[in-house]
Amino acid sequence: MRVDVQGLTVRYGSVTAVDDMSFSLSGNKIYGLLGRNGSGKTSLMSVLAGYRKPAGSVELDGVPVFENAAAMRQVCLVRHTPDAADKGDKVSYVLEYGAAWRETWDNDYALELAELFKLSLKAKAGELSLGQRSALGVVIGLASRSPLTMFDESHLGMDTPTRYAFYDALLNDFMAHPRTIIVSTHLIEELASLLEEVVIIDGGRLVLQEEADVLRSRGTEVTGNAADVDEFTAGLTVLSEKSLGRTKATMVYGTLDDARLIRARQLGLELGPIALQDLFVHLTATVGGVR
Amino acid sequence: MKIFRHLTTTLVTFCAIVAAVVFAFAVVVTFVVSAFSDIEISAWNVVASQIARWFLFWVGIYVIHNVLPIAVAHGRTRREFLVAASGFSVVLAVAMSVLARLGFLAEGGIYALMDWHADEHGTPLAYFLMFLVWCVAGMFCAAAFDRFGAAGVFSVPVGLASVIITTVRIPGSGNLPFIGNIPSLLGEGWHVASVAAFLVVLAGTWAVVRDMPVRVRTS
Amino acid sequence: MFDDRSPIYRQIADRIKADVLSGALTADEQVMSTNQYAAYYRINPATAAKAFQQLVDEKVLYKKRGIGMFVSTEARDMLRAQGRETFFGEVVDPMVAEARAIGIPLDDVIRRIEQHQNGAV
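From a predicted model like this one, the values you see are computed outputs, not experimental measurements.

1. A few points about the overall build of chain C
Broken down by element type, chain C carries five helices and two strands. Along chain C, from the amino end to the carboxyl end, the secondary structure elements read α-α-α-β-β-α-α. Viewed in the frame of its principal axes, chain C has a C-alpha envelope of about 55 × 30 × 25 Å. A total of 121 residues make up chain C; the buried ones form 23% of that total. Considering only intrachain contacts with a sequence separation of at least 6, the fraction spanning at least 24 residues in chain C is 53%.

Spelled out as structure tokens, the structure:
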């Protein structure tokens, strides 16, 4: 499944949610779509699912998505409130929609997952708790076995054991039935090890797209004597700085070559890695401030 | 067609059950009323000519407002859905007009037994066209309000005009809001006008829905 | 679980190497498949595959097509030799630096090592 987004813009009245975004995804992978609140994740995913007509081009396997049966068939977007459910519908009825309308739907698997997440088939969708609604969304998303499956903050309201059950189910089903999966989340550290590639967006724009491991390798935290740290980091892209007395810890972005590594050792500086979540925080806009 | 099959099996069955229940209720009410006064009109006529159409209108709303977004969420296109919904509206209108006819027959039998008097009611074709147009009018209004919010109110006069055409020729169909007694301007061509109304409103629905955003959330 | 701060595939590779050194994994023994590894540690299978590929490149593991990955016969000896090289630079020298920083005379350090040698500790 190949996803090609070209010059995508999404506006709601005067608000621009996605601003001239272009990127491509290829190959069956688990992608992380990372972005702050209001960064445009949901709008982007809505367009990928054919929920809105895009300005710009959005194609799946070279075919535009919107109102194209062959393309829309292959997509399943789930959010923490199941879009594919009416408040008054019973859970069993909600699953029947999937069975009736999706060719790739695996109903046995859906029932297994419903049991795993302790969803009563008789409960009405509107009566479920937030966590249970999210779980229902996950059931729909996984059982759909769609070639492009997207989970938009599907963990919302879930307690920790349920989230872990979700991650395990996601991973195991991905390995058994490889497809393109996009997960958007705020809980980056929990999900980080599951992600093969990350797409970071901010303010409706693409910040970067990279393999998770490569991204991690570009972040370094340099700790040591403040003057030495400053000398070392001069000319590098600085993400953040922290000082305590004469010790300073500076996060820098960019691969460090061997010469730099030797210099660090000479200066007696400690070089440490940066977690994906921290990289994300520092690569996107500060809250209430300007980068 | 999966959507068509789903709509017909679930909603037509539902409507048939409702019709049966309402019929039984109407008969009971008639018996109760007969204890106090003479029966001059057909209770079922009240149902068929005045009440049923609002039910069909609601079904039209439900199809667009509730079912369409679920279909899109399951990878169906709006066009596929509209095609299925259009066919469904015809099937539903046929089914309901058949049920209306059966109701009149059954009621006629009861009235004959009880020596009650019923008033005149419309032909099955008239009911079919009325139900059909009221159903798509519901679809049209739901689409307009879902897409344009409060501005969707433009659909109301359009819907109203279309349903008046079908209702005019049905005796006992009573008065619609804002509209008094409309003289039969259309003469015998009224069923052609009804079909035209159906097509116009359906086309309007199509125009509104074909690139309508669904499940709008800003984030 | 894995520390998210350094490349996970390197941590996996290091862990397998440690198992080979300790004898937990023996020569020509089959290791878990990438999918099993991924499921067990809850990591992306591509990451596990990258780690395994690195170990194959380093000749710690070898692949039997259609069957799986196995520990190479010479892995343990090779890792020991590599370990020897890094041991002095990465373990002994820092230990000496630390002892000096704290103010422990090296003679005390040597005595302690001799106690280990004699089995007194």
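Structure's up, so let's keep going.
2. A word on the overall build of chain B
Counting its regular elements, chain B contains six helices and zero strands. In chain B, the succession of helices and strands from N to C terminus is α-α-α-α-α-α. In chain B, the share of contacts with a sequence separation of at least 24, taken over all contacts with a separation of at least 6, comes to 82%.

3. Observations regarding the sheet that holds strand S13 (residues 247-253) of chain A
All names here are of chain A. Pairing is antiparallel across the open sheet formed by four strands, whose spatial order is S12-S13-S11-S14. The open sheet is flanked by strand S12 (237-244) and strand S14 (270-273), the only strands paired with a single partner. In this sheet, adjacent strand axes meet at a mean angle of 20° when their direction is disregarded. Summarising the sheet, strand S11 (residues 219-225) and S13 pair through seven bridges and their orientation is antiparallel. Counterpart to Val222 in the pairing with S13 is Thr250. Packing of helix H9 (residues 226-233) onto the sheet brings it into contact with S11, S12 and S13, and relative to S11 it is tilted by some 145°.

4. Some words on the interface of chain A and chain C
On the chain C side, the residues contacting the 21 residues of chain A number 16 residues. Among the elements of the structure, helix H6 (160-176), helix H8 (212-217) and S14 of chain A are those that each provide at least two residues to the side of chain A that touches chain C. It is H6 of chain A that contributes the most residues to the side of chain A that touches chain C, five residues altogether. In terms of residue class, the side of chain A that touches chain C is made up of 11 nonpolar, four polar and six charged.

5. Section: the environment of Arg263 of chain A
Mapped onto the elements, Arg263 of chain A comes out in helix H10 (residues 258-267). Along the primary structure Arg263 of chain A and Gly50 of chain A are separated by 213 residues, whereas in three dimensions their C-alpha atoms are 52 Å apart.

6. Regarding the confidence of the model for chain C
Mean pLDDT over chain C stands at 87; residues scoring 70 or higher make up 95%. Both scores are given for the predicted complex: the pTM is 0.87, the ipTM 0.88.

7. Details of the nonpolar core
The biggest cluster of nonpolar side chains holds 160 residues, and the ones touching the most others in it are Leu136 and Val139 of chain A together with Phe131, Val133, Cys135 and Val136 of chain B. Considering every element that reaches this core, the biggest residue donor is helix H4 (residues 124-148) of chain B, with 19 residues. Non-local contacts of Leu136 of chain A, meaning those with residues more than four positions away in its chain, are made with Pro82, Ala85, Val91, Val94, Leu119, Ala125 and Leu128 of chain A.

8. Concerning the confidence of the model for chain B
All names here are of chain B. For chain B, per-residue confidence averages 83 on the pLDDT scale, and 88% of positions sit at 70 or higher. Per-element averaging of pLDDT across chain B places helix H5 (residues 155-167) at the bottom with 81 and H4 at the top with 91. Per-residue pLDDT stays below 50 along residues 178-185; that stretch engages in six contacts with residues further than four places along the chain or on separate chains.

9. As for helix H3 (residues 91-101) of chain A
Within the span of H3 of chain A, buried status applies to Val91, Val94, Leu95, Tyr97, Gly98 and Trp101 of chain A. Projected down its long axis, H3 of chain A shows its buried positions confined to an angular sector of 140°, all on one face. The elements touched by buried residues of H3 of chain A are helix H4 (107-116) and helix H5 (130-143) of chain A together with helix H1 (2-34) and helix H2 (43-73) of chain B.

10. Quick notes on the arrangement of the chains
Contacts are most numerous between chains A and B, taken over all two pairs of chains that touch. Over all C-alpha pairs, chain B and chain C never come within contact, reaching a minimum spacing of 27 Å.

11. Examining the domain arrangement of chain C
All names here are of chain C. The domain architecture assigned to chain C consists of domain 1 (8-73) and domain 2 (76-118). Its C-alpha centre places domain 1 at a distance of 29 Å from the equivalent point of domain 2. Across the boundary between the two partners, domain 1 contributes six residues, which contact five residues of domain 2. Partitioning the side of domain 1 that touches domain 2 into residue classes produces four nonpolar, no polar and two charged.

12. Thoughts on the sheet that holds strand S8 (residues 180-184) of chain A
Residue and element names in this part refer to chain A. Strand order in the open sheet made by the six strands is S6-S7-S8-S3-S9-S10, with mixed pairing throughout. Two strands in the sheet have a free side with no partner beyond their single neighbour: strand S6 (75-79) and strand S10 (205-211). Neighbour to neighbour, the strand axes of the sheet diverge by 15° on average, direction disregarded. As judged from the four bridges shared by strand S3 (residues 30-34) and strand S9 (residues 197-202), these two strands associate in the parallel manner. Counterpart to Leu33 in the pairing with S9 is Val199. Strand contacts of helix H1 (residues 41-48): S3, S6, strand S7 (148-152), S8 and S9, with the helix running at about 155° to S7, the strand carrying the most contacts. Across the sheet, H5 lies against S6 and S7, angled at about 170° from S6, the strand it touches most.

13. A short note on the interface of chain A and chain B
At the interface, 27 residues of chain A touch 22 residues of chain B. The element best represented in the side of chain A that touches chain B is H3 of chain A, accounting for four residues. Of the residues contributing to the side of chain A that touches chain B, the split by class is 13 nonpolar, seven polar and seven charged.

Analysis parameters
The numbering scheme is per chain: residues are counted from 1 as the chain's sequence reads. Chain letters start at A and ligand numbers start at 1, both assigned in the order the entries are written. pLDDT decides what is reported in this predicted model: residues at 70 or higher carry local features, side-chain atom pairs at 80 or more are listed and counted, and totals for whole chains, interfaces and linings draw on all residues regardless. We count a stretch as a helix when DSSP gives it H or I for four or more residues in a row; a strand needs E for two or more, and each element gets its number in order from the N terminus. Residues with at least 20 other C-beta atoms within 10 Å of their own are called buried, those with 12 or fewer are called exposed, and the rest are partly exposed. The C-beta atoms themselves are positioned from the backbone. The contact criterion used here is simple: two residues whose C-beta atoms, placed from the backbone, lie within 7 Å are in contact. One requirement defines pairing of two strands: DSSP has to find at least two bridges between them. In this analysis, axes come from line fits to C-alpha atoms, helices being fitted only over the stretch in contact, and the angle between any two N-to-C directions falls in the range 0 to 180 degrees. Asp, Glu, Lys and Arg are counted as charged, while Ala, Val, Leu, Ile, Met, Phe, Trp, Tyr, Cys and Pro are counted as nonpolar; the rest, among them Gly, fall into the polar class. Every residue gets a pLDDT, meaning the predictor's confidence in that residue, from 0 to 100. The nonpolar core criterion groups buried Ala, Val, Leu, Ile, Met, Phe, Trp, Tyr and Cys residues into a set whenever they are joined through C-beta atoms within 7 Å. Here, the arc refers to the directions that run from the helix axis to the C-beta atoms. Domain start and stop positions are those given by an automatic or database domain assignment.

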